[in-house]
Amino acid sequence: MDNPNLPALRAKALSLPLEPGVYIMKDSGGKIIYIGKAKVLKNRVSSYFRSVEKHTPKVYQMVQNVRDFEYIVAGTEFEALILECSLIKQHRPHYNILLKDDKGYSYVRVEKGPYGRISCALQRTEDGALYLGPYISSYVVNQTVDEVNKVFQLPTCSRKFPQELGKGRPCLNFHIKQCMGVCRGKISPSQYQEVLDEAVEFIKGGGTQSIKLLTQRMHAAADRLDFEKAALLRDRINAIRRISEQQNVVYQRYDSLDVVAIVRSGEKSAAAVLRFREGRLVDKEEHPLGGISTPEEAMAEFLSRYYYTREDLPKKIFVDIDFADRPLLEEMLTQQGGRKVEITVPERGDGVRLVEMARNNAAQVMARTERRSGRELSALDELGRMLGLPAPPAYIEAYDISNIGGETIVGGMVVFADGRPLPGAYKKFVMKTVVGAPDDYASMAEMVRRRLLRYEEHKDKGVGFGRLPDLILLDGGKGQVAAVEPVIRQLGFAIPVFGMVKDDRHRTRAITAQGGELSISSVRSVFALVSAIQEEVHRFSITFSRQRHQKNAFQLRLEEAPGIGPARARALYKRFRSWKALCAATVEELAQTEGVPAAAAESLWKFLHQEESRG
């Protein structure tokens, strides 16, 4: 039921000024439920209260709860953006994207006593251990602990020391030089403690400071002619340098970069932020966002919430989709950081790869709750964006036409639900209106028409023909799309339809509409998904075509036998399925076939065995 206050709200919105500003939506109790900014207050606010049924689910629900609104006129759209961010941070409205400020802290725990270990901890307890931190990012803590244990070859196994010293053989980590092998009983507590102290200094001072201190100790050991100790310190220095080099190759072009991506699935969404500093990935953050309107609006709102009042601003921000407020947000962050901040959508090279990495991380957030892989979610989200769909296509139908020798034209429909094949929903079609020479365009149109006409009969079930697809993909190019689109419109549906184009080697090359082709080879997740759909629909339709061809040849041969017409030939094929099984049958078994009397069965048996002798 629509909001009863809509007429009054619409009238009030039409009286707003044609100026930039901020609007504040309130519920029946006067509580602020949404805050937004507008370039033109009258146009933006009035859009909420007309054609309400066309809003996205999130906006529709918000509008149903609005009972009144206020507004603040701003001098410029930029001033409106700053005011919007400030008010959202102050009031935290329910329908805005909200990010938690109370993010959990993490610690590096250094165990006391002989043969202490270094590990991660989510909270600090009074257990006598040394705790380094707190750190905001658990990712940084896990990465640091993993690095320090490898560099200093500290044990990470489940053995207890000194209780299990000398018991059992060393594990694999010792043999691949990732553990010093305390279990052998050849390292004294004082020697181990010296290494542990060096590891703690590495965590506190970083790689550069540790290399400097270890180099001094290496030279001192060499001066004392303690070459074994010097060699050990040299190896440790080299290990720290290798770790640093491995990290620095991640992205060296920018010393300060954030990569942001948002993924949707149904009414849920999530964002991921990858933070690079000095060529290293130093942090990864994931934020469940709940329902969002459009990807463009979601990105603009997320960035403004995430970076507002943040001190550590990057010089460059890569995002996976462009949005209208990008120049305004760049200006806000530039003023906030005291230096230029640039927001861009990378189109090639390492930038595209990093955006895809961020998108995959955001998809993992959704995958943990929806029992689907992050790769599937990311592919559907990106496919939806590439094709300009309002949401990721959760239910995709694909069609292909096949014929052998032009005798019987058949088609196949396969379904991919949530990025995975749904064999139970596959359908087979034998063309009825296309006769004579094969016509792929007319056949494709007939198949889609028949499928959509079945929707009315089954829509109460909500499955199979009773569920409309979010996207239709055709095996073919512009011609197939041009043949099918009018059919969909004539039947009153608004289902997006695209073609899947193959190259000379019969591999998926692009997606096409009537307006032209869209290359998908540069986006691996989309390319893999569309290729899988095209291969599956081709396999399904060609298999059905071969089965029909085999059946027709079987029946035509049977009709040569005395007393066997088309109806009896079909019944015999249905019962025996192969010529070999038919020839092996007795007269009594042939007579058990529906519609085949004893006399006809005996004549058929003689015909089959005459065929055998001739064969």
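Read on for a plain summary of the structure. Here the structure is a predicted model, which is why all the values come from computation and not from measurement.

1. Quick look at the sheet that holds strand β1 (residues 21-26)
Thinking step 1. Taken together, 3 strands build an open sheet; the order of strands is β2-β1-β3 and the sheet is antiparallel. Both edges of this open sheet fall to β2 (32-38) and β3 (68-73), since each of them pairs with a single strand only. Direction aside, neighbouring strands of the sheet carry axes that sit 20 degrees apart on average.
Thinking step 2. Relative to β2, β1 is paired through 6 bridges, and the arrangement is antiparallel.

2. Digging into the pairing of strand β4 (residues 106-110)
Thinking step 1. The element β4 is extensively covered by neighbouring structure, given that 4 of its 5 residues are classed as buried.
Thinking step 2. Both β4 and strand β5 (residues 118-121) contribute to a ladder of 4 bridges, which runs antiparallel. Paired with valine 110 across the two strands is isoleucine 118, which belongs to β5.

3. Some remarks on the environment of glycine 116
Thinking step 1. With respect to the helices, strands and loops of the structure, glycine 116 is situated in the loop between β4 and β5.
Thinking step 2. Each C-alpha atom of the pair glycine 116 and phenylalanine 161 lies 8.5 Å from the other, and the pair is 45 residues apart in sequence.
Thinking step 3. Contact partners of glycine 116, with chain neighbours within four places excluded, come to Glu111, Tyr192 and Leu196.

4. Some thoughts on the environment of valine 145
Thinking step 1. By the secondary structure assignment, valine 145 is in helix α5 (residues 138-151).
Thinking step 2. C-alpha of valine 145 to C-alpha of valine 108: the two residues are 37 residues apart in sequence and 7.1 Å apart in space.
Thinking step 3. Residues in contact with valine 145, not counting those within four places in the same chain, are Val108, Ile118, Ser119 and Cys120.

5. Here we look at helix α3 (residues 57-65)
Thinking step 1. Considered for burial, the residues of α3 that qualify are Lys58, Val59, Met62, Val63 and Gln64.
Thinking step 2. On its buried face, α3 sits against α1 (6-14), β1, β2 and α2 (41-48).

6. So, the environment of leucine 87
Thinking step 1. Within the secondary structure, leucine 87 is located in helix α4 (residues 77-91).
Thinking step 2. A residue is classified by how much of its surface remains accessible, and leucine 87, at 11% relative accessible area, is buried.
Thinking step 3. Residues leucine 87 and glycine 36 lie 51 residues apart in sequence; the distance between their C-alpha atoms is 9.4 Å.

7. Some words on the packing of aromatic side chains
How two aromatic rings sit relative to each other is given by the distance of their centres and the angle of their planes.
Thinking step 1. The full count for this structure, using the stated rule, is 13 aromatic pairs.
Thinking step 2. Ring geometry for tyrosine 48 against phenylalanine 49: centres 6.5 Å apart, planes inclined by 50 degrees, an arrangement best described as tilted.
Thinking step 3. Take tyrosine 48: its relative accessible area is 3%, and that puts it in the buried class.
Thinking step 4. Seen in terms of ring centroids, phenylalanine 429 and phenylalanine 465 are 6.5 Å apart; in terms of plane orientation they differ by 55 degrees. Their pairing is tilted.

8. Examining the pattern of salt bridges
Thinking step 1. Within this structure, the stated rule accounts for 27 salt bridges.
Thinking step 2. The salt bridge involving lysine 150 is made with aspartate 146; its shortest N-O contact spans 3.4 Å. Taken together, the residues span about one helical turn, with lysine 150 and aspartate 146 both in helix α5 at a distance of 4 residues.
Thinking step 3. Lysine 150 gets classed as partly exposed once you look at its relative accessible area, which sits at 36%.
Thinking step 4. On the basis of relative accessibility, which here comes to 40%, the residue aspartate 146 falls in the partly exposed class.
Thinking step 5. Through salt bridges with shared partners, a single network forms among Asp320, Arg359, Asp381, Glu382 and Arg385.

9. A closer look at unusual backbone geometry
Thinking step 1. With an omega dihedral of 10 degrees, the bond running from phenylalanine 161 to proline 162 counts as a cis peptide bond.
Thinking step 2. Inspection of the secondary structure assignment puts proline 162 in the loop between α5 and α6 (172-175).
Thinking step 3. The residue leucine 225 is not glycine, and still its phi comes out positive at about 65 degrees.
Thinking step 4. As for its placement among the helices and strands, leucine 225 is situated in the loop between α7 (189-223) and α8 (227-248).

10. What to know about helix α17 (residues 566-576)
Thinking step 1. Where α17 is concerned, the buried positions are Ala569, Leu572, Tyr573 and Phe576. Along the axis of α17, the buried residues cluster in a sector spanning 100 degrees; they form a single face. Those residues of α17 that are exposed and angled more than 90 degrees off the buried face are Ala567 and Lys574.

11. Quick notes on the nonpolar core
Thinking step 1. Membership of the largest hydrophobic core comes to 30 residues, with the highest contact counts inside it found for Val260, Phe302, Leu303, Tyr307 and Leu333.
Thinking step 2. Looking at this core, the elements that each hand over two or more residues are α4, β7 (256-265), β8 (268-277), α9 (295-307), β10 (316-319) and α10 (326-337).
Thinking step 3. The greatest single-element share of this core, amounting to 7 residues, is contributed by α9.
Thinking step 4. Those residues in contact with valine 260, other than ones at most four positions away along the chain, are Ala272, Val273, Met299, Phe302, Leu303, Tyr307, Ile317, Phe318, Val319 and Asp320.
Thinking step 5. In this structure, Val434, Met447, Ile488 and Val497 belong to the second largest nonpolar core, which totals 25 residues.

12. Focus: the packing of α4 against α10
Thinking step 1. Two elements in contact, α4 and α10, have axes separated by 10 Å at closest approach and are oriented at 65 degrees. In terms of orientation, α4 lies roughly perpendicular with respect to α10. Seen from above, α4 lies across α10 with right-handed handedness. Together, Glu77, Phe78, Leu81, Ile82 and Cys85 of α4 and Leu328, Leu329, Glu331, Met332 and Gln335 of α10 make up the contact between the two elements.
Thinking step 2. Grouping the constituent residues of the contact of α4 with α10 by class yields 7 nonpolar, 1 polar and 2 charged.

13. What about the packing of α9 against α10?
Thinking step 1. In contact at an axis separation of 11 Å, α9 and α10 are set at 10 degrees when each is read in the N-to-C sense. One way to sum up the angle between α9 and α10 is to call them roughly parallel. Listed contacts from α10 to Ala300, Leu303, Ser304 and Tyr307 of α9 are Leu329, Leu333 and Gln336.
Thinking step 2. Of the residues that constitute the contact of α9 with α10, the class distribution is 5 nonpolar, 2 polar and no charged.

14. Things to note about the pairing of strand β13 (residues 409-417)
Thinking step 1. Of all the 9 residues making up β13, 9 are buried; the element is thus mostly covered by neighbouring parts of the structure.
Thinking step 2. Taking every second residue as pointing to the same face, both faces of β13 are buried, with Ile409, Gly411, Met413, Val415 and Ala417 on one and Val410, Gly412, Val414 and Phe416 on the other.
Thinking step 3. Across 9 bridges, the pairing between strand β12 (residues 395-403) and β13 is antiparallel. Paired with tyrosine 399 across the strands is methionine 413, a residue of β13.
Thinking step 4. Inspection of the sheet shows β13 paired to strand β15 (residues 427-430) by 4 bridges, in the antiparallel sense. Bridge assignment links valine 410 to a residue of β15, and that residue is valine 430.
Thinking step 5. Bridge analysis of β13 against strand β14 (residues 420-421) gives 2 bridges, and the strand direction is antiparallel.

What counts as what
Residues numbered from 1 in each chain as written. Predicted model: local features only at pLDDT ≥ 70, side-chain atom pairs only at ≥ 80, totals over all residues. Heavy atoms only, no water. Pairing = 2+ DSSP bridges. Helix = DSSP H or I, 4+ residues; strand = E, 2+ residues; numbered from the N terminus. Axes fitted to C-alpha atoms, helices over the stretch in contact; angles between N-to-C directions. Buried < 20%, exposed > 50% of the residue type's maximum accessible area, 1.4 Å probe, protein only. Contact = heavy atoms within 4.5 Å. Phe/Tyr/Trp six-rings, centres within 6.5 Å; stacked < 30°, edge-to-face > 60°. Salt bridge = Lys/Arg side-chain N within 4 Å of Asp/Glu carboxyl O. Arc of directions from axis to C-beta. Core = buried A, V, L, I, M, F, W, Y, C linked by side-chain atoms within 4.5 Å. Parallel < 35°, antiparallel > 145°, perpendicular 65-115°, else oblique. Left-handed = near helix turned anticlockwise from the far one by under 90°. Nonpolar A, V, L, I, M, F, W, Y, C, P; charged D, E, K, R; others polar.

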